[in-house]
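Fold and contact review
Here is how the chains run, residue by residue.
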Amino acid sequence: MKFLIAFGFILLIVVLFITTYVLNNRTEKPDIDIDIEGCGGCHNINCGHHPTHLTNKEAK
Amino acid sequence: MDLYVIFMGAALVNNIILTQFLGICPFLGVSKKSDQAIGMGAAVTFVIFIASVLAYCIYSFILVPFEIEYMQTIAFILVIASLVQFVEMVLKKYSPALYKSLGVFLPLITTNCAVLGTANNVITKEFDLIQTMIYSLGISIGFTLVMYIFSTIRERLEQAPVSRSFNGNPIALITAAIMALAFFGLGGLV
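Presented here is an overview of the structure given in this document.

Thresholds, definitions, all that
- Residues numbered from 1 in each chain as written.
- Chains lettered and ligands numbered in written order.
- Predicted model: local features only at pLDDT ≥ 70, side-chain atom pairs only at ≥ 80, totals over all residues.
- Heavy atoms only, no water.
- Helix = DSSP H or I, 4+ residues; strand = E, 2+ residues; numbered from the N terminus.
- Buried < 20%, exposed > 50% of the residue type's maximum accessible area, 1.4 Å probe, protein only.
- Areas by Shrake-Rupley, 256 points an atom, 1.4 Å probe, with all protein chains shown as cover.
- Contact = heavy atoms within 4.5 Å.
- Buried area = accessible area lost by both parts, 1.4 Å probe.
- Salt bridge = Lys/Arg side-chain N within 4 Å of Asp/Glu carboxyl O.
- Polar contact = N/O pair within 3.5 Å; in protein donor to acceptor, adjacent residues only side chain to side chain.
- Phe/Tyr/Trp six-rings, centres within 6.5 Å; stacked < 30°, edge-to-face > 60°.
- Expected span 1.5 Å × (residues − 1).
- Core = buried A, V, L, I, M, F, W, Y, C linked by side-chain atoms within 4.5 Å.

**A word on the overall build of chain A**
Tallying secondary structure elements over chain A gives two helices and zero strands in all. A burial count over chain A gives 18% of its 60 residues as buried. For chain A, the accessible surface area stands at approximately 4900 Å², while carbon and sulfur atoms represent 62% of it.

So this is what it looks like as structure tokens:
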């Protein structure tokens with residue numbers, strides 16, 4: 001009996017995972033390009049788009 | 001146990017990253033920019049909090065009554081994996097920029113040992129539901145705090161004249177070690 005309960009429980013969680021996985025895969029991935037050059041900029045060094053955070057390759 | 005002691009202990013004194021050395025992967029991987037660190041911290045906070053509460057409920061109301069406690073680890077892992085899928089779905093819809101910037105580290109929250117470690121700690125420390133909520137909140141706030149502090153230091157380090165042999169990861173690890181020492185000083189707080 002305990003084995004059946006354990007098996008049913010695991011099955012339930014696996015179904016939960018598969019459901020969320022499928023729903024996640026069906027959700028469209030965002031297709032955005034952040035225009036760094038176009039950013040007017042607050043010149044805050046903490047911002048991820050601040051020019052100082054660009055690698056040499058990106059800067060070229 | 002006093003809730004204040006649990007919270008401060010989880011957030012600062014026994015910080016999950018600097019004292020327990022869990023969750024090192026995102027700590028080093030997503031700490032180059034502070035906005036990413038905050039985003040990662042928020043995502044991990046959500047997952048840790050919900051996963052710990054769910055872990056407590058699953059353990060207390062299903063595993064213990066049916067005497068199947070040996071399934072604790074696999075049950076927790078599957079619940080965490082499902083939660084991460086859910087978080088990924090929400091970020092795709094409502095915060096595309098954060099989704100892009102977190103990249104591969106977002107699905108990797110599933111394998112973040114800080115999340116599973118917190119869920120296991122809740123069970124081994126025999127907390128009740130309120131204590132579980134306070135503990136998981138403290139852990140996740142501590143995680144986010146350390147991520148943010150470390151990311152701001154790394155941003156400054158990018159501007160600093162560091163010698164070539166120390167540039168990049170070596171200086172980041174040295175910084176992490178000094179931060180861990182600093183957090184040891186908070187030991188007398190609670």
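**A few points about the side chain of B:Glu88**
If you trace the backbone, B:Glu88 turns up in helix H4 (residues 72–94). Residue contacts for B:Glu88: discarding those within four places in its chain leaves A:Asn24, B:Tyr99, B:Leu106 and B:Pro107.

**Digging into the interface of chain B and chain A**
On the side of chain A, 25 residues touch chain B, which itself brings 32 residues to the contact. Contact between chain B and chain A buries roughly 2600 Å² in total, counting both sides, with carbon and sulfur atoms accounting for 68%. Where chain B meets chain A, there are zero salt bridges. If you look at where chain B meets chain A, you find three residue pairs in polar contact (both at pLDDT 80 or more). With 11 residues, H4(B) is the largest single contributor of residues to the side of chain B that touches chain A.

**What about the environment of B:Leu106?**
Residue and element names in this part refer to chain B. Turning to its location among the elements, Leu106 is positioned in the loop between helix H5 (96–102) and helix H6 (113–124). Leu106 gets classed as buried once you look at its relative accessible area, which sits at 1%. Sequence-distant contacts of Leu106, defined by excluding residues within four places in its chain, comprise Ala43, Val84, Val87, Glu88, Leu91 and Tyr99.

**Thoughts on the packing of aromatic side chains**
Given two aromatic rings, one states the distance between the centres and the angle between the planes to describe the pair. Residues and elements named next belong to chain A. Applying the stated criterion to the full structure yields five aromatic pairs over all chains. Here Phe3 and Phe7 contribute two aromatic rings whose centre-to-centre distance is 6.2 Å and whose plane-to-plane angle is 20°, an arrangement assigned as stacked. With Phe3 and Phe7 both in helix H1 (residues 2–26) and four residues apart, the pair spans about one turn of that helix. Under the relative-accessibility criterion, Phe3 is labelled exposed at 61%. Given the relative accessible area of 49%, Phe7 is considered partly exposed.

**Remarks on helix H8 (residues 169–184) of chain B**
Residue and element names in this part refer to chain B. When the terminal C-alpha atoms of H8 are compared, their 23 Å separation across 16 residues agrees well with the 22 Å that a helix rising 1.5 Å per residue should span. Along H8, the positions that sit buried rather than exposed are Ile171, Ala172, Thr175, Ala176, Met179, Ala180 and Phe183. Looking at the buried residues of H8, the elements they touch are helix H1 (3–13), helix H2 (24–29) and helix H7 (129–159).

**Remarks on the side chain of B:Thr45**
All names here are of chain B. For Thr45, the position within the fold is in helix H3 (residues 34–63). You can call Thr45 buried: its relative accessible area is 19%. In this structure the side chain of Thr45 is engaged in a polar contact, spanning 3.1 Å, whose partner is the side chain of Thr144. With sequence-adjacent residues up to four places away left out, Thr45 is seen in contact with Ser140 and Thr144.

**Quick notes on the nonpolar core**
Residues B:Ile17, B:Leu18, B:Phe27, B:Leu106, B:Ile109 and B:Met147 are the most contacted members of the largest nonpolar core, which totals 59 residues. At the level of elements, H1 of chain A together with H1, H3, H4, H5, H6, H7 and H8 of chain B are the ones that each hand at least two residues to this core. No other element matches H3(B), which puts 11 residues into this core. Once residues lying within four places of it in the same chain are set aside, the contact partners of B:Phe27 are B:Ile17, B:Leu18, B:Val146, B:Met147, B:Phe150 and B:Ala176.

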